[in-house]
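Chain by chain, the residues run as shown.
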Amino acid sequence: MTRTGSVGIILGCLLPLVCASCGGLPSSPTATSTERPTSTVPGSPTPPPTREPSPPANTPTPTLPRLREALRFERYGRLVKYSPDGRSLAVVPDLPPIELISARTGDTEATFEVPDGITGMGGSQALAFSPDGGVLAIGGREARVDVWLTQDSSLLASVELSTLFDYDPMDWFATVSDLAFVDQHTLLVSAWEDTGGLVMWDPITGHHTQVFRKPVIDMAALPRTDLVALATQPVGLFAESDAPVVVFDLTARRIRLALFEDDPATRPPGGYPPSAFSVSVSPDGRLLAAVVEFRLRLWDLVENREIPFLTPEGLLFNQVRFSPAGRLAAVTSTRGNCINWIWVTDDAICALSIWDTATWTVLAQVDAPGVTTIDFSPDGTELASGGWDQVIHIWEVP
């Protein structure tokens, strides 16, 4: 889920960068767990073993095969999300309304008249479809979540973040960072402000419960379990863990695993713990990939151990997403002065690449300046991207 477009999000992205530059990144990070099972995350499926990825032999370079563009729609899509049937794309433009467009023609199918200010600079940060595609949840900088029926664009429910979290209603920085449906009726709402975290909310009954307290940027469900992986920030008045990524049990309401923790002794005086910007879990529930302090980190959830990965020198990772089959991963990265899609200079190289998750080598890539959002189609044959170039690209997946 994208996190650009608001001053609050920019500050959130700058904080870990400043910490890294002042020595906050350890030279040899150690991953630990709060509960270390002998073989697997409790409640997770046990797929057949897969061979361990080796350090990448290839890195994103202009000599690699180029991603082929299947379609393009000349419209600004700072955030795009495929519907569950793959026929439509929810699009957050620069100004209201938010649109549902055809994934084949780009024609507008429905519009959602969110209040002024929810889109554009400081606008919507998160989109989520219900499993059947009949409901679209939209969250943004106006410290609220709106839930719409996609069939007739009618508003089903709306809630202020000050109701879900311990927020001052006038808090300008209150931001919805991510949304995800647990089932047809329960929505997970995450927020990244100091008193943010994770809330389970039923839009029909209005019932809500805060289950986790720490700023959350991104989340990914572990298939066929009640577990969710959370990419977190190192600030928070009631932080439950210093780990940048945690696996959280929604039923037991506690952390099952704390991943990629650093050694506090390696931090400079006043230094922060590491931050995570993106997290994704493979469809078989075995692999977790996360972007921690602009590095790609990998974890085997079955064997409960970090998988070695050598980050190519000078490469900054921004976002990672597994394909629906888990064979591939889409990654956005930058070289040069292009940090988290916000500042781009002439010498920067911003890339969108497809990686083989068996070997973690790059299969294809394309220059993608200003990309802010990526999403695989449900059948895994296409990848949508959008950003500051004001074009929604549909790429063929190799």
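Note: the structure precedes this text.
Below, the structure is looked at part by part.

Calculation criteria
- Residues numbered from 1 in each chain as written.
- Predicted model: local features only at pLDDT ≥ 70, side-chain atom pairs only at ≥ 80, totals over all residues.
- Heavy atoms only, no water.
- Helix = DSSP H or I, 4+ residues; strand = E, 2+ residues; numbered from the N terminus.
- Buried < 20%, exposed > 50% of the residue type's maximum accessible area, 1.4 Å probe, protein only.
- Contact = heavy atoms within 4.5 Å.
- Areas by Shrake-Rupley, 256 points an atom, 1.4 Å probe, with all protein chains shown as cover.
- Salt bridge = Lys/Arg side-chain N within 4 Å of Asp/Glu carboxyl O.
- Pairing = 2+ DSSP bridges.
- Axes fitted to C-alpha atoms, helices over the stretch in contact; angles between N-to-C directions.

What follows is about the overall build of the protein. A count of helices and strands for the protein gives two helices and 30 strands. The buried share of the protein, reckoned over its 398 residues, is 60%. Nonlocal contacts in the protein, meaning residues at least 24 apart in sequence, comprise 55% of its contacts between residues at least 6 apart. Counting only carbon and sulfur atoms, one obtains 54% of the accessible surface of the protein, whose full area is about 15,300 Å².

Let us look at the pattern of salt bridges. Considering all chains together, one arrives at 14 salt bridges under this definition. The closest approach of N and O atoms between Arg-68 and Glu-396, which form a salt bridge, is 2.4 Å. Separated by 328 residues along the polypeptide, Arg-68 in the loop between helix 1 (7–21) and strand 1 (69–73) and Glu-396 in strand 30 (residues 392–396) bring together distant segments of the chain. Judged by relative accessible area, Arg-68 falls into the exposed class, the value being 51%. The partner of Glu-303 in a salt bridge is Arg-286, and the shortest N-O contact between them spans 3.3 Å. Here the residue Glu-303 occupies a position in the loop between strand 20 (295–300) and strand 21 (305–307), and Arg-286 occupies one in the loop between strand 18 (276–281) and strand 19 (287–292), the gap between them amounting to 17 residues. Bridged by salt links that share partners, the residues Arg-286, Asp-300, Glu-303 and Arg-305 form one connected network.

One open sheet holds the four strands; their spatial order is 1-30-29-28, and the pairing between them is antiparallel. Each edge of the open sheet is held by one strand with a lone partner, namely strand 1 and strand 28 (371–376). Shown here is a sheet whose adjacent strand axes are inclined to one another by a mean of 20°, direction ignored.

The next subject is the side chain of Thr-150. Among the structural elements, Thr-150 can be located in the loop between strand 8 (144–149) and strand 9 (154–160). Take Thr-150: its relative accessible area is 15%, and that puts it in the buried class.

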